[in-house]
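# Structure assessment
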Amino acid sequence: MKGLWLLLVLVAAATAERVFTGDQVIRVNVQSEEQIQILQALETEEEWELDFWLHPVSTELPVDIRVPRSSLSAVKEYLHAHNTPFSVMINNLQDHLDEEKAEMEKNQIRERSTRSFNFGAYHRLETIYSWMDTLVAQYPKLVTKEEIGKSFENRPMYVLKFSTGGYKRPAIWIDTGIHSREWVSQATGVWTANKIATDYGTDASLTSLLNTMDIYMLILANPDGYAYTHTNDRMWRKTRSKNSGSVCRGVDPNRNWDAGFGGPGASRNPCSDSYHGPSAHSEIEVKNVVNLIRSHGNFKSFISVHAYSQLLMYPYGYSCNNVPHQPELDSVGRAAVQKLTSLYGTRYKVGSICKIIYQASGGSIDWSYNLGIKYSFAFELRDTGRYGFILPANQIIPTATETWLALKHIMEYVHDHPY
């Protein structure tokens, strides 16, 4: 009997949802190289269990850290002792998560009673997958749902293909949600897919693009991680694969690509949020995309959508050297951001990953660029840290709408500049 109770306790612990009561997100506006080193030392303090939302890399960018309640006094003392001022961005993370969950539940009831889908709300994986079927049913001549493989936990990975015919036409790739906790990314993907379907035939430039090119959208690039953020840990970023010799699960899927794999900006520690994995393309979720892109062989643009920081970036991440097409990618990026800003005045920075944020190896757009897909870009959507990964749902549609203007500019440019 005692054994059974122990088993039940262990099962309950394994399935219980992680709570963040009293956890704070603090921000340091870095003033000097010395402060960067102080914060980098903090990153190595494993017993404090800090979660760096924005890492200490340059004096240009703030550093955001989720600090567990149990480590608050130690961390604050450390910063005071090292003359490093900070501010509290989020006072009690759990309050925001409770609010987010209550809003989702309310929306679910509303959607059930009205039999509709609210693009201004966050949804679980199953709801997004069933919405895909609805979209395909509404626009059967334009949209198909294709399974590109299974995830580690055996969930199907679906791409939505927007095509008006032809075989292996020049194509544009868009993925969202590679890091599972960046919910505004997946939500923007859903809104964007709907926008493409509804605007075809009425928007002249999109119609002309889809008459000669295809668009592929992978809305849940990390399905296991995404499901896990809804059931167990809202702050989960990685995949859910098992790491041999470690109790820590998962690999950072955006450090797992064969582009400078295992270099700076990726960790060899399986417990780290930026663990690169045992080898390039070890993650089935990454491999599925690699296989599709390679076998298709005619992708002209590869766009990956993340959050947060309000950046539009191009390669490289694994090296700070300019890519051969740097001037062109920079000017396309700047023009796209100008369109984005025109709607609500949201400010974005443009540049190579290495120069604008930090050196990070094994990233998807470096891999796609090295494969010969010239127009490779990564977005970091809203915001700049007020809410970070827990952007309120009322910002989904404004975020998606402004981002669409930038995406459309990039797609039109790709369409008009064949290579």
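It should be noted that the structure appears before, not after, this text.
This text gives an overview of the structure that appears in the document. (Residues numbered from 1 in each chain as written. Predicted model: local features only at pLDDT ≥ 70, side-chain atom pairs only at ≥ 80, totals over all residues. Heavy atoms only, no water.)

### Examining the pattern of salt bridges
Tallied over the entire structure, the rule returns 20 salt bridges. Here Glu-100 makes a salt bridge to Arg-234, at a shortest N to O gap of 2.7 Å. Residue Glu-100 is found in helix H4 (residues 93-114), and its partner Arg-234 is found in the loop between helix H8 (223-231) and helix H9 (284-296); the two are separated by 134 residues along the sequence. For the pair shown, Glu-100 and Arg-234 are each scored as buried. (Salt bridge = Lys/Arg side-chain N within 4 Å of Asp/Glu carboxyl O. Helix = DSSP H or I, 4+ residues; strand = E, 2+ residues; numbered from the N terminus. Buried < 20%, exposed > 50% of the residue type's maximum accessible area, 1.4 Å probe, protein only.)

### Here's the deal with the nonpolar core
One finds Trp-131, Phe-162, Ile-215, Ile-219 and Phe-379 to be the most contacted residues of the largest nonpolar core, which totals 75 residues. By residue number, the principal contributor to this core is helix H13 (residues 396-416), which donates 9 residues. Among all residues touching Ile-215, those that are not within four sequence positions of it are Leu-160, Lys-161, Phe-162, Ile-172, Ile-174, Ile-196, Leu-206, Leu-209, Leu-210 and Met-411. Of all hydrophobic cores here, the second largest spans 28 residues; its members include Met-157, Val-159, Val-289 and Ile-356. (Core = buried A, V, L, I, M, F, W, Y, C linked by side-chain atoms within 4.5 Å. Contact = heavy atoms within 4.5 Å.)

### Some remarks on a negative patch on the surface
On the surface, a cluster of negative charge is contributed by Asp-95, Asp-98, Glu-99 and Glu-103. Judged by relative accessible area, Asp-95 falls into the partly exposed class, the value being 45%. (Patch = residues over 30% accessible without salt bridge, like charges linked within 9 Å, V, L, I, M, F, W, Y side chains within 5 Å. Areas by Shrake-Rupley, 256 points an atom, 1.4 Å probe, with all protein chains shown as cover. Lys, Arg positive; Asp, Glu negative; His and termini not counted. Charge placed at Lys NZ, Arg CZ, Asp CG, Glu CD.)

### Quick look at the state of the cysteines
A disulfide bridge is the covalent bond that connects two cysteines by way of their sulfur atoms. Counted by the stated rule, this structure contains 2 disulfides. Covalently, Cys-248 is tied to Cys-271 through a disulfide, its sulfur atoms 2.0 Å apart. Residues Cys-248 and Cys-271 share a disulfide whose torsion about the S-S bond is about 85°; that sign makes it right-handed. Linking Cys-248 in the loop between H8 and H9 with Cys-271 in the loop between H8 and H9, this pair joins segments that are 23 residues apart in sequence. One disulfide bridge connects Cys-320 with Cys-354, the sulfur atoms lying 1.9 Å from each other. The chirality of the disulfide connecting Cys-320 with Cys-354 is left-handed, given an S-S dihedral of about -70°. You can see Cys-320 sitting in the loop between strand E10 (311-314) and helix H10 (326-344) and its partner Cys-354 sitting in helix H11 (residues 353-356), a full 34 residues away along the chain. A residue is classified by how much of its surface remains accessible, and Cys-320, at 37% relative accessible area, is partly exposed. For Cys-354, a relative accessible area of 7% translates into the label buried. (Disulfide = S-S within 2.5 Å.)

### Remarks on the packing of aromatic side chains
A complete count under the given rule lists 20 aromatic pairs for this structure. Pairing Trp-53 with Phe-389 gives two aromatic rings, centres 4.9 Å apart and planes at 55°, and the pair type is tilted. With Trp-53 in strand E2 (residues 51-54) and Phe-389 in the loop between strand E12 (375-381) and H13, the pair connects residues that are 336 residues apart, well separated along the chain. Assigned by exposure class, Trp-53 and Phe-389 land together as buried. Connected via pairs of aromatic rings, a cluster forms that spans Trp-173, Tyr-216, Trp-257, Phe-299, Phe-302 and Trp-367. In this arrangement the basic side chain of Arg-240 is found over the ring face of Trp-236, its NZ or CZ atom lying 4.6 Å from the centre. (Phe/Tyr/Trp six-rings, centres within 6.5 Å; stacked < 30°, edge-to-face > 60°. Lys NZ or Arg CZ within 6 Å of the ring centre and 35° of its normal.)

### Details of the side chain of Asn-243
Positionally, Asn-243 belongs in the loop between H8 and H9. Judged by relative accessible area, which is 8%, Asn-243 ranks as buried. Of the polar contacts made by the side chain of Asn-243, one reaches the backbone oxygen of Cys-248; its length is 2.9 Å. (Polar contact = N/O pair within 3.5 Å; in protein donor to acceptor, adjacent residues only side chain to side chain.)

### Details of the sheet that holds E10
The strand order across the open sheet formed by 8 strands is E5-E6-E8-E7-E9-E12-E10-E11, and the pairing between neighbours is mixed. Taken across any chain shown, the strands that pair with only one partner, and hence form the sheet edges, are strand E5 (143-150) and strand E11 (349-352). Taken pair by pair, the neighbouring strands of this sheet meet at an average axis angle of 20°, ignoring direction. In this structure, strand E7 (residues 171-176) lies alongside strand E8 (residues 214-218), joined through 5 bridges in parallel fashion. Note on E8: the bridge partner recorded for Ile-172 is Ile-215. Sheet strands touched by helix H5 (residues 125-138): E5 and strand E6 (156-162). Its angle to E6, the strand with the most contacts, is close to 25°. Here H13 sits on the sheet and contacts E7, E8, strand E9 (299-307), E10 and E12; the angle it forms with E12, its principal contact strand, is near 170°. (Pairing = 2+ DSSP bridges. Axes fitted to C-alpha atoms, helices over the stretch in contact; angles between N-to-C directions.)

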